[in-house]
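# Descriptive analysis of the structure
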Amino acid sequence: MPCVADWLNNPFSIVQGIFAQNVPNSDWEKKVTEYFKEKLKENNATNWVPSLNDVPVHYLKPNSLVKFRCMVQDMFDPEFYMGVYETVDPNTNARVLHFGKYRDVAECGPQQEIDLNSSQTITSERQTFYCVPVPGESTWVKEISFVTELVLSYISASQARVSPSTSYTPSRHKRSYEEDEDMDLHPTKQKEQHMGNNLCCGSEIHGCVEPKRLETEASAGHHLTSPNCSPPLDLNFPLPGEKGPACLVKVYESWDSFKVNDVLEVYGILSVDPVLSIVNNDEREGSALDLMECMDTAEEQRVHSPPASLVPRIHVILAQKLQHINPLLPACLNEESKTFVSNFMSELSPVRAELLGFLTHALLGDSLSAEYLILHLISTVYARRDVLPLGKFTLNLSGCPRNSIFTEHIYRIIQQLVPASHRLQMTIESMNRSRLIPHKDYAANRLVSGVLQLASNTSLVIDETQLEQGQLDTTGVHNVTALGNLITWQKVDYDFSYHQMEFPCNINVLITSEGRSLLPSDCQVHLQPQLIPPNMEEYMNSLLTAVLPSVLNKFRIYLSLLRLLDYSISEEVTKAVEEDFVEMRKSDPESVTADDLHRTLLVARFLSLSAGQTTLSRERWLRAKQLEALRKARLQQQKCVNGNEL
Amino acid sequence: MSSPASTPSRRRSKRGRGSNPPTRKCLAQDARSPPSQKRRTDDSTSTEDLQPMPTSPPAETQSPSAADAVFSSPPQFRHSAIPLDFDISSPLTYGTPSSRVEGTPRSGVRGTPVRQRPDLGSVRKARQVDLHSDGPTEDVTTEQSLGQKLVIWGTDVNVASCKEKFQRFLQRFIDPIGKEDEDVGLNLNEPRYMQRLEEINIVGEPFLNVNCDHLRSFDENLYRQLICYPQEVIPTFDMAVNEIFFDRYPDSILEHQIQVRPYNALKTRNMRNLNPEDIDQLITISGMVIRTSQLIPEMQEAFFKCQVCSFTTRVEIDRGRITEPSVCKNCNTTHSMALIHNRSMFSDKQMIKLQESPEDMPSGQTPHTVALFAHNDLVDKVQPGDRVNVTGIYRAVPIRVNPRVSSVKSVYKTHIDVIHYRKTDSKRLYGIDEETEQKMFTEERVKMLKELSKKPDIYERLSSALAPSIYEHEDIKKGILLQLFGGSRKDFTQTGRGNFRAEINILLCGDPGTSKSQLLQYVYNLVPRGQYTSGRGSSAVGLTAYVMKDPETRQLVLQTGALVLSDNGICCIDEFDKMNESTRSVLHEVMEQQTLSIAKAGIICQLNARTSILAAANPIESQWNPKKTTIENIQLPHTLLSRFDLIFLMLDPRDEAYDRRLARHLVSLYYHSEEQMEEEYMDMAVLRDYIAYARGYVAPRLGEEASQALIEAYVDMRKIGSGRGMVSAYPRQLESLIRLAEAHAKVRFSEKVEIVDVEEAKRLHREALKQSATDPRTGIVDISILTTGMSATARKRREELAQALRKLIQSKGKTPTLKYQQLFEDLRAQSDTAITKEMFEEALRALADDDFLTVTGKTVRLL
């Protein structure tokens, strides 16, 4: 049996072995998948696999097993490749069979030639996804997943008694282990430094890594090595200022089940063959006459086969869709994780109380707003009834102080709590300038990303307090409409220039504004600060530092976990709700509408869930009504104060 | 031959020369020289062709498509004594231009030049070459030498029997039930393809489009062969058809020999289903053109000349490469051969990117694309944005990583060599085809739909299946349902009235938050050609069409807007009231004439916009004011309103039972799982198919009884008002009634409009009127609110007030000017009802219209 290092560092040898054993049958492919599935099940073996999210590409050994947590940004056309091919030695006429799966280049020895017309050749199909790291992924997600991997791999490494020199991770971990306590608060820069240091020691393992390259690391992402690609390659991240590797993920099985914007975790073989980049340069030089090259424009070439050093390829062996990206939670809620859930549920109410307290402080002592904010943060679209998304709870937090750093800090706090988030500052200029909606670039044949291309359950915080009066141009109107559609229908119409295509999404939108927002929302809460701290900056910072990391982690688990729970309403309570509604309508037909019932039902749903209850009880319903009444009274009051119609 | 990588350096050098722009240009022109010239040159070459050229390498001697040096050879060619290298034994050398006596008028199969088919070509040679390396197997059988049993290598195609079968198909195939849009003038009981040949004889377009479906029903095996081995079978077909044709019409003169273009291969319809098994097979896929390349002159045959001894030779393209001869065969000098560009042969080629149509795409995925290569005639036949059905051969070619290294990228490049295009949205491009919709329904589906239509409560069923998440509003849903079905289209062009509109327009107005937008969204998602716009965001240009200058070609391009795009569909316009005046004015034409006229940047045209409009409007005061009329509430011009067949109010009913049901409905939304929801209601897909089927196949006509009932209904409507001296119905209302009745008949899949349909149309129309045209002051339904913008009572009152004012002024005696304020107060004092300033101003305006007075600032001057 091959040792760990083998399947990790040289998976091709394994594949080759299985291939050679089973060659006449086609089930060798299944066996390969099975083999790796088994391997990854053992002893947290998943943590052994280096992740492209944490480790820069050039530290990773080519053709080794890697993993990548990513979002499908675009899907390229399926490609046909040589699944099995034969090489011929022209001198001896010896024929050898090879497999082409998991490879970009059909290899053959120096003395050999590929027989393109062999009857043994099997053409197979695979699909390429262009994947980017999860947009807006919070730093804590990155750090924690990194650290847990280290810790776990250390444990398993010592258990398995594997010589550390063969493995990459343990050597890296030694330093980080002592520091993982305060890792949370370290900026990423420091982490990279560690990695660099550790990698230097580990470089002999990787062979190809030269210590010198460390210095070039910082600039690697910016300027391209090839002088031919004059403008830098746009890696097409949905959000501006994102970092991290984009990847061409080649999927071999059931690619139909994946959709754009799905979050995946893939395990596969890293391919950074420099040959891939050479092809392009070569082709570009003399694209005039050659038949094959005039098929694609130069832009398309650039996008579809970028240099492998910038956009590595991963040939997927295993891929799974992730329900969430919170590393503190088991990847999926199944039987095994039941104990985890029930343990956490038992201490749910203190966590909720603490979280409420924390948010109340953050919202300057306004506990009602804090309550609504919790409901908002655990909301998720759980079903769609024809076009109507159910379970979205867009919150408009009005009454935010203008031109203060308050909204910024609110975002920082949310960032600390949810796994992925983005802050969108609404100004006339930003609306007119930016392109929120992804659109198809037909010249390059790719989907150019926009801010609204986000993974499910991303928190989008729209800050309207900066918005001034002014003229929106066409783009601006489109953008505002797109935001409106996103909020009301939870869908984004991607622009395919000849037509539009609807992509359903599930994004939690929080709008902070002074008065009522110009965007639609499910629920407006007017902020009533109980205290105005003289120094907002200091106040907010101290708030964050005061929370223990362990408590913060509990908050994070709380918010992610509750989203995944089921919910129902009993017949009895339905009756009661019905009665209630009829009564309310009788007493005040003007102000109580179907919309109110909708909203109250939503509030009741999330209220129950936030307390860990999966059915609606009469008390919760009453509490929901009470909250709604408080909220409305506040709005009413606000209306009177301002004297203008909202 | 199987090591094309061996000539990297030469390839490079050739490229350098090839990219010399002036040369290429002249070559391209040459390649497209007019037919007459081609014929001439052809004649001369053919006579001079005496013996097969002995110098070309053996593989090329075998090559089948060599006989067509004719197409683009330059004029001077006639005087050179270059023999053509072609192989008599190849099946593709049919119609060899050899044995004709000069001087006789050229005609018949012998005289018409063969035109190369690059759409079939490129890969086949690879196969043959391969064969030679493999062994002595004969790849192509010939009829004369090798009997009937032999087949083309690698296939089960026997040329002779295949040809014979196809000829039988052409001569015998009769399809009496087939109806295709081009069948006008075809006798369905005669062999259809023989009639086509006759057409070719008359028109002179040497292409025969063959519907694969016909072939399949005629000879299953031949069809299979065609699909599996198109590049062998199609030339055989060509041969067969030419024999028949020139047999029948020996004097016919064609530009080149007839080429068979099969279409509608049932192998694949969707780009997503393409898989490695389809390689080298005949496929048909549909999609949208997203990009077309410039014209690429592709070298078919290179002409080399020895610099030393002026010996010339020709080399054919092989897998996209030309192997430069390294040694002159005449004088044995090495590297002396140079390419002579303007004596080489080129064919037109174009690269096209096809993207799968939005309808074929599973949700949540991005569209796939595929590259197409169009050759010769098919170049420049499609533009970006066109929806096409493409029939062609699917190809996969390996890519070489680097010419210097022998390793190959393990990925193939795929493309389709186009044989036949058909635009889906324009009538035809190449050839005929049946409606795409016909394809949409399988027999079982049709049966299921028909069964469904027999259910007595189908109308209710469908209407409740429409937007189930929206509660109640049954009548509105029924109205929208009828809109989805539409009336029957009638043509009165001969009597001078043009088309009667068959589309039903609906306006929803009502309080905000009564799920109007949701209904619109639902409809937009339901219909295939729906458009959704918001009145706030759209401009007249966005709705109609605009002319754009393509920056590259300097060509004017007409870009169509929402209304044109939703031709034959539904255009949903939200926030109708927010739309600005100029934008709205566009709708006047669309909503009655169903056309759109554009006069812009030198383009004057009229586009079809046979679209139904479903609009939603909010009241001007954010809340519906029940004391005001519809017009006053939504502030839309009555000219526009009268064009809506149905205007519904979506108001919040205040009633306990309703509240109770609503509450139950909403609560259920919040805990039902998705599967439960689906079970409860009719599937959206079924509804969509049902509607599509009815729209496509059912065109009900008015029955005698129904006509009577309609007449009565109209007369009744007129009567209601006449008692009070006002008109309560106009012909427009009668037309609406007819449309609604027809639509209702369509729901039942009935070809005849019956009393039931009229009854329902009447009921719905009345319901809508009751909601929208009730005069709030009197409580009487008054159609004039919608047709003139004012209720009759309101108009009467204005009249009275004007009279009172006139009397008041006259009673003041002969004063030339009056103070405005003074007059207002006097009038108020005199009147026993409250008079608002608006009413007063209206009265003044009425008098000014009568030339009784003028108002300037604060004074009123008598005339």
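As the structure is a computational prediction, the values presented were derived from the model and not from experiment.

### Brief notes about the overall build of chain B
Scanning chain B from N- to C-terminus turns up 31 helices and 26 strands. When each of the 863 residues of chain B is scored for burial, the buried share is 55%. For chain B, the accessible surface area stands at approximately 37800 Å², while carbon and sulfur atoms represent 50% of it.

### Here's the deal with the overall build of chain A
Along the backbone of chain A there are 20 helices and 20 strands. In chain A, which comprises 646 residues, the proportion classed as buried is 58%. Within chain A, contacts between residues at least 6 apart in sequence are counted, and of these 77% link residues at least 24 apart. Carbon together with sulfur atoms contributes 52% to the accessible area of chain A, which is approximately 26400 Å² in total.

### Quick notes on the packing of helix H11 (residues 348–362) of chain A against helix H17 (residues 549–563) of chain A
Two quantities define a packed helix pair, namely the angle between the helix axes and the distance between the axes. All names here are of chain A. It is at 10 Å that the axes of H11 and H17 come closest, and there the two elements cross at 105°. Considered as vectors, H11 and H17 are oriented roughly perpendicular to each other. Contact residues: H11 offers Leu348, Val351, Arg352, Glu354, Leu355 and Phe358, while H17 offers Val551, Lys554, Phe555, Tyr558, Leu559 and Leu562. When its residues are assigned to classes, the contact of H11 with H17 shows 9 nonpolar, no polar and 3 charged.

### Notes on the environment of Pro325(B)
Turning to its location among the elements, Pro325(B) is positioned in the loop between strand E5 (312–316) and strand E6 (337–339). As for Pro325(B) and Lys305(B), which are separated by 20 residues in sequence, their C-alpha atoms are 10.0 Å apart.

### Thoughts on the side chain of Gln524(A)
All names here are of chain A. By secondary structure assignment, the location of glutamine 524 is in strand E20 (residues 523–526). In terms of polar contacts, glutamine 524 uses its side chain to reach the side chain of serine 398, at 3.0 Å. Setting aside its immediate chain neighbours within four residues, glutamine 524 contacts Asn396, Ser398, Arg516, Arg631 and Leu635.

### Re the confidence of the model for chain B
Residues and elements named next belong to chain B. Per-chain confidence: chain B averages 68 in pLDDT, with 62% of residues scoring 70 or above. Across residues 674–681 the pLDDT falls below 50, and counting only partners more than four positions away or on other chains, this stretch makes 11 contacts in the model. Taken over the whole predicted complex, pTM reads 0.69, whereas the ipTM for its chain interfaces reads 0.73.

### Overview of the pairing of strand E3 (residues 95–99) of chain A
The side chains of a regular strand alternate, residue by residue, between the two faces of the sheet. All names here are of chain A. Pairing between strand E2 (residues 79–88) and E3: 5 bridges, direction antiparallel. From the neighbouring strand, glutamate 86 faces E3, where its bridge partner is leucine 97. Hairpin remark: E2 followed by E3, antiparallel, with 6 residues in the connecting loop; positive phi at asparagine 93, about 65°.

### Considerations on helix H30 (residues 820–830) of chain B
Spacing of three or four residues puts side chains on the same side of an α-helix, whose turn is 3.6 residues. For H30(B), the full list of buried residues reads Tyr820(B), Leu823(B), Phe824(B) and Leu827(B). In a view along the axis of H30(B), the buried residues occupy a sector of 100°, so they form one face of it.

### Some words on the sheet that holds strand E19 (residues 507–512) of chain A
Residue and element names in this part refer to chain A. Strand order in this open sheet of 5 strands is E13-E16-E19-E12-E20, and the pairing throughout is parallel. At either margin of the open sheet sits one strand with a lone partner, and together these are strand E13 (421–425) and E20. Between one strand and the next, the sheet's axes are offset by a mean angle of 20°, whatever the strand orientation. Pairing of E13 with strand E16 (residues 458–463) involves 5 bridges; the strand directions are parallel. Paired with leucine 424 across the two strands is isoleucine 462, which belongs to E16. Set on the sheet, helix H13 (residues 406–417) makes contact with E13, E16 and E19; between it and E13 the angle comes to about 165°.

### Things to note about the packing of aromatic side chains
Under the definition given, this model contains 25 aromatic pairs over all chains. For the pair Tyr494(A) and Phe503(A), a centre-to-centre distance of 4.2 Å together with 20° between the ring planes defines the contact as stacked. Here the aromatic residues Phe166(B), Phe169(B), Phe173(B), Tyr193(B), Phe218(B) and Phe237(B) are joined through ring pairs into a cluster of three or more. Its guanidinium or amino end placed over the ring of Phe207(B), Arg261(B) lies 3.7 Å from that ring's centre, counting from NZ or CZ.

### Things to note about the environment of Arg216(B)
All names here are of chain B. Mapping arginine 216 onto the fold places it in helix H9 (residues 212–218). The exposure class assigned to arginine 216 is partly exposed, which follows from its relative accessible area of 31%. Taking the C-alpha atoms as reference, arginine 216 lies 9.4 Å from alanine 265; in sequence the two are 49 residues apart. Aside from chain neighbours lying at most four places away, what touches arginine 216 is Tyr223 and Leu266.

### Concerning the packing of helix H13 (residues 443–454) of chain B against helix H24 (residues 684–697) of chain B
All names here are of chain B. Where H13 meets H24, the closest approach of the two axes is 10 Å, and the angle between their N-to-C directions is 85°. When the axis of H13 is compared with that of H24, the two are roughly perpendicular. On H24, the residues that touch Arg445, Val446, Met448, Leu449, Lys450, Leu452 and Ser453 of H13 are Ala685, Val686, Asp689, Tyr690 and Tyr693. Grouping the amino acids of the contact of H13 with H24 by side-chain chemistry returns 8 nonpolar, 1 polar and 3 charged.

### Section: the pattern of salt bridges
Under the counting rule described, the total for this entry stands at 35 salt bridges over all chains. One salt bridge in this structure joins Arg395(B) and Asp417(B), with 3.0 Å as the shortest N-O distance. Placement of Arg395(B) in strand E9 (residues 387–400) and of Asp417(B) in strand E10 (residues 408–423) is noted, with a sequence separation of 22 residues between them. Here the two residues Arg395(B) and Asp417(B) agree in accessibility, since each one is buried. Connected through salt bridges with shared partners, the residues Asp596(A), Arg599(A), Glu628(A), Arg631(A) and Lys632(A) form a single ionic network.

### So, the nonpolar core
Counting residues in hydrophobic clusters, the biggest one holds 79 residues, and the most contacted among them are Phe358(A), Tyr372(A) and Leu417(A). Residues lining this core come from more than one domain, with at least three contributed by each of domain 1 (11–156 + 236–277 + 297–321) and domain 2 (335–565) of chain A. The contact partners of Tyr372(A), leaving out residues within four places of it in the chain, are Phe393(A), Leu395(A), Cys523(A), Val525(A), Val603(A), Leu627(A), Glu628(A) and Arg631(A). Residues Val446(B), Val523(B), Tyr524(B) and Tyr690(B) belong to the second largest nonpolar core, which totals 59 residues.

### Examining the pairing of strand E9 (residues 313–321) of chain A
Sheet topology note: the strand E7 (residues 247–251) of chain A/E9(A) ladder contains 3 bridges and is parallel. If you follow Val249(A) over to E9(A), its bridge partner there is Ile314(A).

### Considerations on the confidence of the model for chain A
Residues and elements named next belong to chain A. Across chain A, the average pLDDT comes to 76, with 78% of residues at 70 or higher. Low pLDDT, under 50, characterises residues 154–230; the predicted model gives this stretch 81 contacts beyond four residues in sequence or across chains. Across residues 279–294 the pLDDT falls below 50, and counting only partners more than four positions away or on other chains, this stretch makes 37 contacts in the model.

### Quick word on unusual backbone geometry
Of note in the backbone geometry, Tyr102(A) takes a positive phi value of approximately 65° without being a glycine. Structurally, Tyr102(A) is set in the loop between E3 and strand E4 (105–106). You will see that Phe749(B), though not glycine, has its phi angle at about 55°, which is positive. Structurally, Phe749(B) is set in the loop between helix H26 (731–747) and strand E23 (752–753).

### Here's the deal with the sheet that holds strand E13 (residues 506–510) of chain B
Residues and elements named next belong to chain B. Read from one edge to the other, the open sheet built from 5 strands follows the order E14-E17-E20-E13-E21, with strand pairing classed as parallel. A strand with exactly one partner marks an edge of an open sheet, and here the two such strands are strand E14 (530–534) and strand E21 (646–650). Sheet twist, expressed as the average angle between the axes of neighbouring strands with direction ignored, equals 15°. Relative to strand E17 (residues 570–574), E14 is paired through 5 bridges, and the arrangement is parallel. If you follow glycine 530 over to E17, its bridge partner there is isoleucine 570.

### Remarks on H24(B)
Under the 1.5 Å per step criterion, the end-to-end length of H24(B) is 20 Å for 14 residues, consistent within 8% with the ideal 20 Å. Turning to H24(B), its buried residues number three or more, namely Val686(B), Leu687(B), Asp689(B), Tyr690(B), Ile691(B), Tyr693(B) and Ala694(B).

### A closer look at the environment of Ala562(B)
Residues and elements named next belong to chain B. Relative to the helices and strands, alanine 562 resides in helix H18 (residues 562–565). You can call alanine 562 buried: its relative accessible area is 6%. As a C-alpha pair, alanine 562 and alanine 609 span 47 residues in sequence and 9.5 Å in three-dimensional space.

What counts as what
The written sequence of each chain sets the order in which its residues are numbered from 1. Going through the entries in the order they are written, you letter the chains from A and number the ligands from 1. Selection of residues for local features in this predicted model requires a pLDDT of at least 70, selection of side-chain atom pairs for listing and counting requires 80 or more, and totals for whole chains, interfaces and linings are taken over all residues. Side-chain numbers here rest on the full set of heavy atoms in the structure, without hydrogens or water. Here a helix means four or more residues in a row that DSSP labels H or I, a strand means two or more in a row labelled E, and each is numbered from the N terminus. Each residue is placed in one exposure class: buried if its accessible area under a 1.4 Å probe, protein chains only, is under 20% of its type's maximum, exposed if it is over 50%, and partly exposed if it falls in between. Only the protein chains shown count as cover for residues, and the accessible areas themselves come from Shrake-Rupley with a 1.4 Å probe. Residue contacts are defined here by distance: any two heavy atoms, one from each residue, within 4.5 Å place the two residues in contact. In this analysis an axis means a line fitted to C-alpha atoms, helices contributing only their contacting stretch, and an angle means the value between N-to-C directions, from 0 to 180 degrees. Oblique is the label for any angle not under 35 degrees, not over 145, and not in the 65 to 115 range, which are roughly parallel, roughly antiparallel and roughly perpendicular in turn. Nonpolar residues are Ala, Val, Leu, Ile, Met, Phe, Trp, Tyr, Cys and Pro. Charged residues are Asp, Glu, Lys and Arg, and all others, Gly as well, are polar. As used in this structure description, the phrase polar contact means that two N or O atoms lie within 3.5 Å; if the pair is within protein, one of them must be able to donate a hydrogen and the other to accept it, and residues adjacent in sequence are counted only when both atoms belong to side chains. pLDDT: the predictor's confidence for each residue, scored from 0 to 100. DSSP calls a pair of strands paired once it identifies at least 2 bridges connecting them. The reported arc concerns the directions from the helix axis to the C-beta atoms and nothing else. Ring pairs shown here join Phe, Tyr and Trp side chains whose ring centres sit within 6.5 Å, with only the six-membered ring taken for Trp; geometry is labelled stacked below 30 degrees between planes, edge-to-face above 60, and tilted in between. The rule is short: NZ of Lys or CZ of Arg within 6 Å of the ring centre and within 35 degrees of the ring normal puts a charge over the ring. Throughout this description, the term salt bridge denotes a Lys or Arg side-chain nitrogen within 4 Å of a carboxyl oxygen of Asp or Glu. To qualify as a nonpolar core, a set must consist of buried Ala, Val, Leu, Ile, Met, Phe, Trp, Tyr and Cys residues joined through side-chain atoms within 4.5 Å. An automatic or database domain assignment is the source of the domain bounds shown. Here, expected helix span is obtained from the residue count minus one, scaled by 1.5 Å.

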